[in-house]
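Structural characterization, general
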Amino acid sequence: MIGTAWAADAAHDAGHEGFFADPTFWVAVAFVLFLAVAGRKLWAGLTGGLDRRAEAIAKTLADAARLRADALKAKAEAEQTLAQATSEAEGIVSQAREEVRRMQARAAANLETAVALREQQAKDRIAQAEAAATKDVRDTAVDVALSATRALLREQVGAGKAQALVDEAIAELPRRLH
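No experiment lies behind these values; they were computed from the predicted model shown. (Residues numbered from 1 in each chain as written. Predicted model: local features only at pLDDT ≥ 70, side-chain atom pairs only at ≥ 80, totals over all residues. Heavy atoms only, no water.)

**A short note on the overall build of the protein chain**
The secondary structure content of the protein chain amounts to 3 helices and 0 strands. Roughly 15200 Å² of accessible area belongs to the protein chain as shown, and the carbon and sulfur atoms make up 64% of that amount. (Helix = DSSP H or I, 4+ residues; strand = E, 2+ residues; numbered from the N terminus. Areas by Shrake-Rupley, 256 points an atom, 1.4 Å probe, with all protein chains shown as cover.)

**A short note on a nonpolar patch on the surface**
A grouping of Phe31, Val32, Phe34 and Leu35 is seen on the molecular surface, where their side chains present a nonpolar patch of about 430 Å² in accessible area. You can see Phe31 is positioned in helix H2 (residues 23-156). (Patch = residues over 30% accessible without salt bridge, like charges linked within 9 Å, V, L, I, M, F, W, Y side chains within 5 Å. Salt bridge = Lys/Arg side-chain N within 4 Å of Asp/Glu carboxyl O.)

**Side note on the pattern of salt bridges**
Taken as a whole, this structure holds 6 salt bridges when the rule is applied. Here Arg66 makes a salt bridge to Asp70, at a shortest N to O gap of 3.8 Å. Separated by 4 residues within a single helix, Arg66 and Asp70 lie in helix H2, roughly one turn from each other. Judged by relative accessible area, which is 46%, Arg66 ranks as partly exposed. In this structure, the salt-bridge partner of Arg101 is Glu98, at a minimum N-O distance of 3.0 Å. In this pair, Arg101 and Glu98 both sit in helix H2, 3 residues apart, roughly one turn of the helix. By relative accessible area, which is 36% here, Glu98 ends up partly exposed. One network of salt bridges, in which partners are shared, links Asp63, Arg66 and Asp70. (Buried < 20%, exposed > 50% of the residue type's maximum accessible area, 1.4 Å probe, protein only.)

**Regarding the packing of aromatic side chains**
This structure, assessed with the given rule, holds 3 aromatic pairs. The interplanar angle of 80° and the centroid separation of 5.3 Å between the aromatic rings of Phe20 and Phe25 together place this pair among those described as edge-to-face. Residue classification places Phe20 among the exposed positions, given a relative accessible area of 57%. Residue classification places Phe25 among the buried positions, given a relative accessible area of 19%. Where Phe25 meets Trp26, the ring centres are 5.1 Å apart and the plane angle is 70°; that geometry is what we call edge-to-face. Ring-pair connections join several aromatic residues into one group, and the members of that group are Phe20, Phe25 and Trp26. (Phe/Tyr/Trp six-rings, centres within 6.5 Å; stacked < 30°, edge-to-face > 60°.)

**Comments concerning the confidence of the model for the protein chain**
In this model, the protein chain carries a mean pLDDT of 85, and residues with pLDDT of at least 70 account for 85%. Mean pLDDT across the secondary structure elements of the protein chain bottoms out at helix H1 (residues 2-16), with 52, and peaks at H2, with 91. (pLDDT = per-residue confidence, 0-100.)

**Let's talk about the environment of Val142**
For Val142, the position within the fold is in helix H2. Here Val142 falls in the buried class, since its relative accessible area comes to 13%. Taking the C-alpha atoms as reference points, Val142 and Leu173, 31 residues apart in sequence, are found 8.4 Å from one another. The residues touching Val142, leaving out its near neighbours within four places in the chain, are Leu173 and Leu177. (Contact = heavy atoms within 4.5 Å.)

Structural data, given as structure tokens:
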């Protein structure tokens, strides 16, 4: 019943009162105003959220770019350090090789000197032993000769003449041995 009354009243008013008297129009106007006010708030919230998100993304990208630059710088420094360490290691190895060569040459020279020294010492000892053996042989020969001469003189010559011959032989002995 109310529905029909409204419909009848609306039909009656539609003809007389105009467009602004229609409640549908005012509902539409209120809806548009609500959308404008709420939309403005909603739009401000959305754009603010998107702006914050864009700022966070920009900050993250800036941080990533800075970190990338730092990483590239660290990589370059590490490569430079590696190159320096490699060149220093090569220098140390070449110095060690050169030192080994010098030590080998020095050891070979020392060995040759030691061998020559030992050889000379051995020759000197042999010469000393030969000289000592020759002296011993001479001394023994002189002793044997003297003993034989004494024995021979005792047998062949008398006691008085024997002493004179022994003295004469002893006096001549140093001249004959040298």
